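# Analysis of the macromolecular model
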Amino acid sequence: MYKVGLFNDSFPPTIDGVANTVYNYANIMNGRFCEPVVITPKYPNVVDNYDFEVYRYNSAKLTTSMPYRVGNPFSPKTLHDLAKMKFDILHVHSPFASSVLAHEISLLYRMKVPTILTYHTKFDIDIDNYVDNKPFNIVARKFVETNIGYADEVWTVSEGTLKSLRNLGYEGDVVIMPNGTDFVKGKASKEDIAEIDRIYRTENEPLVFLYCGRMNWYKNLKITLDALKILSDSGIRYKMFFLGEGPDRPMVEAYAKQIGVSNNTIFCGAIYDREKVRAYFSRADLFLFPSTYDTSGLVVKEAAACNCASVLIKGSCAAEGVEDGISGFIADEETSDSFAKTIIEATKDPEVLKTVGKGAADKVYYSWFDSVRLASKRYEHVIENYSRKHYFDELF
């Protein structure tokens, strides 16, 4: 059984999409396909009670406003400890400290094992948004591109992330490796769904919508709220659940009140119990997700698992593989008017909603087990190719 080092700059207690990916890789691989070790920055007072090994290395808080910590990839003790683990393959999930650490191990200890890097996030957009100074912007882009170039094989999670990778200047071969969901296919129990109705008194609501994710404006939450305003002005009765936390939540709630949709919107905060989250997806008639920033749309797969169709923006990563009117609903433009029009059309016939929801379950749903099994098979291919290449390099 191969020993795999899973490197990432985030892991619980920090929760984000990539941390969730790494957790599911390790949890599903363990004892089935590979022997995983998660390598991630140390957090104060965190105890890792997992069935797989987690190696924490020294870190410092990134900023006072962000929950992330940055690891020290040059720690001699860390490098020595990891070199002793005798990995068969390194899988890096972030082109920052994690990538530097994996590269340092390979250089200093001549660890003759392949490295895979998965490019999860549109870092070209992030860099442009947060690095205004042009020379620093160029340096940041080059830093990410260089770290990606250290890998023997590069994966992305969607066509959209592939485009982002090309925008950074990476010209090498790329494998698209889809992510999945930990939800089983099928709705949550009737009792769990009824509990939501009991708490929020939504049992008689004709339409229930849902958003689940970080509460950040860049998720196009303004489009969602403005679309809800159009629905309200059209006399359509509904309730909208917002699940998640984030720095923009107070402003999002204030805007909902400002435009007059606060009576129809319910901000639930972050919910960490996965079965409870599944119940919200199961209660919803539509999942509203106009984000064009997200690279994989895991939440769209979560909705699909619960027979809930999504309303998405044409050309977004989240809309990849979704057929309009068959396995979801696609708004033609990234505007509130287009989004509202799509919601209105989708909700005209309850039977259509059910049919498209089932289409999402049949065509969009993809489990983490299937995803990790596919990745593990690819590990074998990469290791064999690397061993063959290294053998011939030594011969000649």
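Note that this is a predicted model, so its numbers are computed, not measured. All chains use their own residue numbering, which begins from 1 and follows the written sequence. The predicted origin of the model limits local features to residues at a pLDDT of at least 70 and limits the giving and counting of side-chain atom pairs to 80 or more, whereas totals for whole chains, interfaces and linings rest on all residues. By convention in this description, side-chain values take in all heavy atoms of the structure and omit both hydrogens and water.

### What to know about the sheet that holds strand 6 (residues 89–92)
If you trace the 7 strands from one edge of the open sheet to the other, you get 3-2-1-6-7-8-9, paired in parallel fashion. Here the strands that pair on one side only, and so sit at the sheet edges, are strand 3 (53–57) and strand 9 (174–176). Each adjacent strand pair in this sheet contributes to an overall mean axis angle of 25°, direction not counted. The contact criterion used is simple: two residues touch if any of their non-hydrogen atoms lie within 4.5 Å. Think of each axis as a best-fit line through the C-alpha atoms, taken over the contacting stretch in the case of a helix, with angles from 0 to 180 degrees between the N-to-C directions. Secondary structure counts use DSSP, requiring at least four H or I residues in a row for a helix and at least two E residues in a row for a strand, with both numbered from the N terminus. Strands in contact with helix 2 (residues 76–83) are strand 1 (2–7), strand 2 (34–41) and strand 3; relative to strand 3, the strand with the most contacts, it is inclined by about 160°. Here a strand pair is declared whenever DSSP counts at least two bridges between the two strands.

### Re the pairing of strand 11 (residues 239–243)
Each residue gets one of three labels from its accessible area relative to the maximum for its type: buried under 20%, exposed over 50%, partly exposed in between, using a 1.4 Å probe on protein chains only. In terms of residue burial, strand 11 counts as a mostly covered element, since 5 of its 5 residues are buried. Burial of the side chains of strand 11 extends over both faces: Lys239, Phe241 and Leu243 are buried on one face and Met240 and Phe242 on the other. By the bridge criterion, 5 bridges tie strand 10 (residues 208–212) to strand 11 in an arrangement that is parallel. Within strand 11, the residue paired with leucine 210 across the bridge is phenylalanine 241. Whether a crossover is right-handed comes down to one check: with the strands pointing away from the viewer, does the path from the first strand over the helix to the second run clockwise; if it does, it is right-handed. Viewed along the sheet, the connection from strand 10 through helix 8 (residues 221–233) into strand 11 turns out right-handed. One ladder, built from 4 bridges, connects strand 11 with strand 12 (residues 265–269); its direction is parallel. Each residue of the ladder has a partner; that of phenylalanine 241, found in strand 12, is isoleucine 266.

### Description of the pattern of salt bridges
Definition used for salt bridges: Asp or Glu carboxyl oxygen within 4 Å of a side-chain nitrogen of Lys or Arg. This structure, assessed with the given rule, holds 21 salt bridges. Note that aspartate 128 and arginine 141 form a salt bridge whose closest N and O atoms lie 3.0 Å from each other. Here arginine 141 lies in helix 5 (residues 134–149) and aspartate 128 lies in helix 4 (residues 123–130), a separation of 13 residues in the sequence. Two residues, lysine 377 and glutamate 380, come together in a salt bridge whose shortest N-O distance is 3.9 Å. Pair noted here: lysine 377 and glutamate 380 are both in helix 14 (residues 368–395), with a separation of 3 residues, about one helical turn. Residue classification places lysine 377 among the exposed positions, given a relative accessible area of 54%. When salt bridges that share partners are traced, they join Asp182, Arg274 and Glu302 into one network.

So far we have only geometry, and geometry alone does not tell us how the molecule works.
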